[in-house]
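# Topology and contacts: notes
Listed here are the chains, written in short residue letters.
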Amino acid sequence: MMVPVRCFTCGNVVSEHWEAFESRVDDGEDPGAVLDDLGVGRHCCRRMLVSHTDLVDIVAPYQ
């Protein structure tokens, strides 16, 4: 899994929240509420987590 370590816009660390965010959203929680609970408040950082798509499994066979 290749989650960006830092937000591309502001430089805050966002990767530390990924596992909790992904597991809670997969369990059916609202993504916005999860981000609020994790303390991710900036719009740019929220974007990094909400819009992440893991493409490693798709691209890896072509290496």
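Scope of this entry: the structure provided in the associated data block. Owing to the predicted nature of the structure, the values given are computational and were not obtained by experimental measurement.

## Side note on the overall build of the protein
A count of helical and extended segments in the protein gives 4 helices and 0 strands. What you see in the protein, going N to C, is helices and strands ordered as α-α-α-α. When its C-alpha atoms are laid out on the principal axes, the protein stretches across 40 × 30 × 15 Å. Among the 63 residues that make up the protein, the fraction classed as buried is 25%. Put simply, of all contacts in the protein between residues at least 6 apart along the chain, 47% involve residues at least 24 apart. Element-wise, carbon and sulfur atoms account for 52% of the exposed surface of the protein, whose accessible area totals about 4400 Å². Across the protein, the centroid of the 5 positively charged side chains sits 13 Å from that of the 11 negatively charged ones.

## Observations concerning the packing of helix α2 (residues 31–38) against helix α3 (residues 43–50)
Packing of α2 against α3 brings their axes to within 11 Å, and their N-to-C directions diverge by 125°. The orientation of α2 relative to α3 falls into the category oblique. Relative to α3, α2 is oriented so that their crossing is right-handed. Residues Gly 32, Leu 35 and Asp 36 of α2 pack against Arg 46, Leu 49 and Val 50 of α3. Split into classes, the residues belonging to the contact of α2 with α3 amount to 3 nonpolar, 1 polar and 2 charged.

Rules and cut-offs
- Residues numbered from 1 in each chain as written.
- Predicted model: local features only at pLDDT ≥ 70, side-chain atom pairs only at ≥ 80, totals over all residues.
- Heavy atoms only, no water.
- Helix = DSSP H or I, 4+ residues; strand = E, 2+ residues; numbered from the N terminus.
- Buried < 20%, exposed > 50% of the residue type's maximum accessible area, 1.4 Å probe, protein only.
- Contact = heavy atoms within 4.5 Å.
- Areas by Shrake-Rupley, 256 points an atom, 1.4 Å probe, with all protein chains shown as cover.
- Lys, Arg positive; Asp, Glu negative; His and termini not counted.
- Charge placed at Lys NZ, Arg CZ, Asp CG, Glu CD.
- Axes fitted to C-alpha atoms, helices over the stretch in contact; angles between N-to-C directions.
- Parallel < 35°, antiparallel > 145°, perpendicular 65-115°, else oblique.
- Left-handed = near helix turned anticlockwise from the far one by under 90°.
- Nonpolar A, V, L, I, M, F, W, Y, C, P; charged D, E, K, R; others polar.

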